Amino acid sequence: VILNVRDSRKWYHSVKNALVPLWQTVTNFPLKYFLPSEEKLRHLSFMTPNGEIDEQSGVIGSTLRGEGAAVEFYEEWQRTVKENVPEDRLLIFNVAEGWEPLCEFLEVPVPDKPFPRVNDTNELLRKLKITNSIAWTLVALAPVVVGFGVKVLCRYLPLG
């Protein structure tokens, strides 16, 4: 098990500024009809450290309640993992450490590439905006396509 750790307050701000807007967008019209089931998203968003679903907890629920609740959730999650995973099966990992501890734990060679940085809030929000724009474009075009199809059918199919 790899437990990714970071400063609790920085984690909160990252979730608040990236994951909450993402969650709010993908669980509302129109994207919710193009993505995995809402139940799966709900489970991931509101799961407590003991595996229960609680609308006031989890990554999203605690973040929506504010910094104090989110930090408490994050730190409880870390404690729960540390208490329940045997030390020899647990890597407590901060991405700032790069490849070495991760590769050593996984018993694989260290790549000759820089460690990736993909958790960028601005980039995530940019991609979310593009995805949402595409979804709304599809929604807007649907009646046009249906109308055109009906017009074509009416023109070439005998009625009666």
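Residues numbered from 1 in each chain as written. Predicted model: local features only at pLDDT ≥ 70, side-chain atom pairs only at ≥ 80, totals over all residues. Heavy atoms only, no water.

Colleague: Break down the packing of helix α1 (residues 8-26) against helix α6 (residues 121-156) for me, citing the residues and quoting the values.
Modeller: At their nearest, the axes of α1 and α6 sit 10 Å apart, and the two run at 10 degrees to each other. What the angle tells us is that α1 and α6 run roughly parallel. Crossing of α1 against α6: the hand is left-handed. Contact residues: Ser 14, Asn 17, Ala 18, Pro 21, Leu 22 and Thr 25 in α1; Thr 121, Leu 124, Leu 125, Leu 128 and Asn 132 in α6. Its residues assigned to classes, the contact of α1 with α6 comprises 6 nonpolar, 5 polar and no charged. (Axes fitted to C-alpha atoms, helices over the stretch in contact; angles between N-to-C directions. Helix = DSSP H or I, 4+ residues; strand = E, 2+ residues; numbered from the N terminus. Parallel < 35°, antiparallel > 145°, perpendicular 65-115°, else oblique. Left-handed = near helix turned anticlockwise from the far one by under 90°. Contact = heavy atoms within 4.5 Å. Nonpolar A, V, L, I, M, F, W, Y, C, P; charged D, E, K, R; others polar.)

Colleague: Break down the packing of α1 against helix α4 (residues 67-84) for me, with residues and values.
Modeller: Contact geometry of α1 with α4 gives a least axis separation of 9 Å together with a crossing angle of 115 degrees. Our pair here, α1 against α4, has a crossing hand that is right-handed. Here Ser 8, Arg 9, Trp 11, Tyr 12 and His 13 of α1 lie close against α4, whose contacting residues are Glu 67, Ala 70, Val 71, Phe 73, Tyr 74 and Glu 75. Classifying every residue of the contact of α1 with α4 by side-chain character gives 6 nonpolar, 2 polar and 3 charged.

Colleague: Run through unusual backbone geometry, naming residues and quoting values.
Modeller: Most of the time, phi is negative for any residue but glycine, and the peptide bond is trans. Even without glycine at this site, Glu 107 takes up a positive phi of about 60 degrees. By the element assignment, Glu 107 lies in the loop between α5 (99-106) and α6. In this structure Glu 107 comes out as exposed when scored by relative accessible area, which is 73%. (Buried < 20%, exposed > 50% of the residue type's maximum accessible area, 1.4 Å probe, protein only.)

Bear in mind that shape data such as this cannot, by itself, settle questions of function.
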